[in-house]
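# Topology and contacts: notes
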Amino acid sequence: MSDVSTKTVTAKFATREAAYLAVEYLVQKLNIDRTDIFVQTSGSDNSSGVDISGGDAPTVDEDGRGDAPLGSEIEVSADIASSHEDAVRAAFGDLGATELSSS
C-alpha cells in the first residue's frame, strides 16, 4: 500500500459464505487489493463457521451435509488506509459481522 497510515480492521462472521461475501465486497466495491485481505478461523481448529450455509445447507431435494466442521467463526481482516476505516467497518457490519475490531 502506498499510504503509510494503515489500519487493520477485523470482523468475525458466523458462516464461511458471509465471510467470502465480505471479501468480494471489499475487493469489488471498495477497491481493496485482495493481497491486503486475510481469511482464517477465529479458533485453533479448521472450521466452516458456527452456522451451516451455502453448499452445506439442506435444499429442497437433499439433506444438508453433516461433515462440515462447525466450531468457530470465520475471521476476515483487511489492511487498509486509515481513511477507509469507516467504509470497511460499515461494510462488515452490513454484511453480518458478529464482532468488529481495529488496530
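Residues numbered from 1 in each chain as written. Predicted model: local features only at pLDDT ≥ 70, side-chain atom pairs only at ≥ 80, totals over all residues. Heavy atoms only, no water.

### Side note on the pattern of salt bridges
A full pass over the atoms with the stated rule returns two salt bridges. Glu 99 is paired through a salt bridge with Lys 12; the nearest N and O atoms lie 3.8 Å apart. Linking Glu 99 in strand 4 (residues 99-102) with Lys 12 in strand 1 (residues 6-13), this pair joins segments that are 87 residues apart in sequence. (Salt bridge = Lys/Arg side-chain N within 4 Å of Asp/Glu carboxyl O. Helix = DSSP H or I, 4+ residues; strand = E, 2+ residues; numbered from the N terminus.)

### Comments concerning the environment of Ser 103
The residue Ser 103 is located in the segment after strand 4 in this model. The class of Ser 103 is exposed, set by a relative accessible area of 64%. Sequence spacing of Ser 103 and Lys 7 is 96 residues, and the spatial spacing of their C-alpha atoms is 5.7 Å. Sequence-distant contacts of Ser 103, that is, excluding residues within four places in its chain, are made with Lys 7 and Thr 8. (Buried < 20%, exposed > 50% of the residue type's maximum accessible area, 1.4 Å probe, protein only. Contact = heavy atoms within 4.5 Å.)

### Observations regarding helix 2 (residues 85-94)
Within helix 2 the residues assigned to the buried category are Glu 85, Val 88, Ala 91 and Phe 92. Down the axis, helix 2 shows its buried residues gathered within 135° of arc, on one side only. Residues of helix 2 that are exposed and point over 90 degrees away from its buried face: Asp 86 and Asp 94. At its buried positions, helix 2 is contacted by strand 1, helix 1 (16-28), strand 3 (74-81) and strand 4. (Arc of directions from axis to C-beta.)

### Some remarks on helix 1
The end-to-end C-alpha distance of helix 1, which contains 13 residues, comes to 18 Å, matching closely the 18 Å that a straight helix rising 1.5 Å per residue would cover. Looking at the packing, one finds that the buried side of helix 1 touches strand 1, strand 2 (37-41), strand 3 and helix 2. (Expected span 1.5 Å × (residues − 1).)

### Focus: the pairing of strand 1
Note: strand 1 against strand 3, eight bridges, orientation antiparallel. Within strand 3, the residue paired with Ala 11 across the bridge is Val 76. Pairing analysis gives four bridges linking strand 1 to strand 4, with the strands arranged antiparallel. Among the inter-strand pairings, Lys 12 is bridged to a residue of strand 4, identified as Glu 99. (Pairing = 2+ DSSP bridges.)

### Things to note about the packing of aromatic side chains
The geometry of two aromatic rings is summed up by the distance between their centres and the angle between their planes. A complete count under the given rule lists one aromatic pair for this structure. Ring centres 5.8 Å apart and planes at 75° place the aromatic pair Phe 13 and Phe 92 in the edge-to-face group. Here Phe 92 lies in helix 2 and Phe 13 lies in strand 1, a separation of 79 residues in the sequence. The burial state of Phe 13 is the same as that of Phe 92; both residues are buried. (Phe/Tyr/Trp six-rings, centres within 6.5 Å; stacked < 30°, edge-to-face > 60°.)

### Here's the deal with the sheet that holds strand 3
The sheet built from four strands is open, its strands ordered 2-3-1-4 with antiparallel pairing. A strand with exactly one partner marks an edge of an open sheet, and here the two such strands are strand 2 and strand 4. Sheet twist, expressed as the average angle between the axes of neighbouring strands with direction ignored, equals 20°. (Axes fitted to C-alpha atoms, helices over the stretch in contact; angles between N-to-C directions.)

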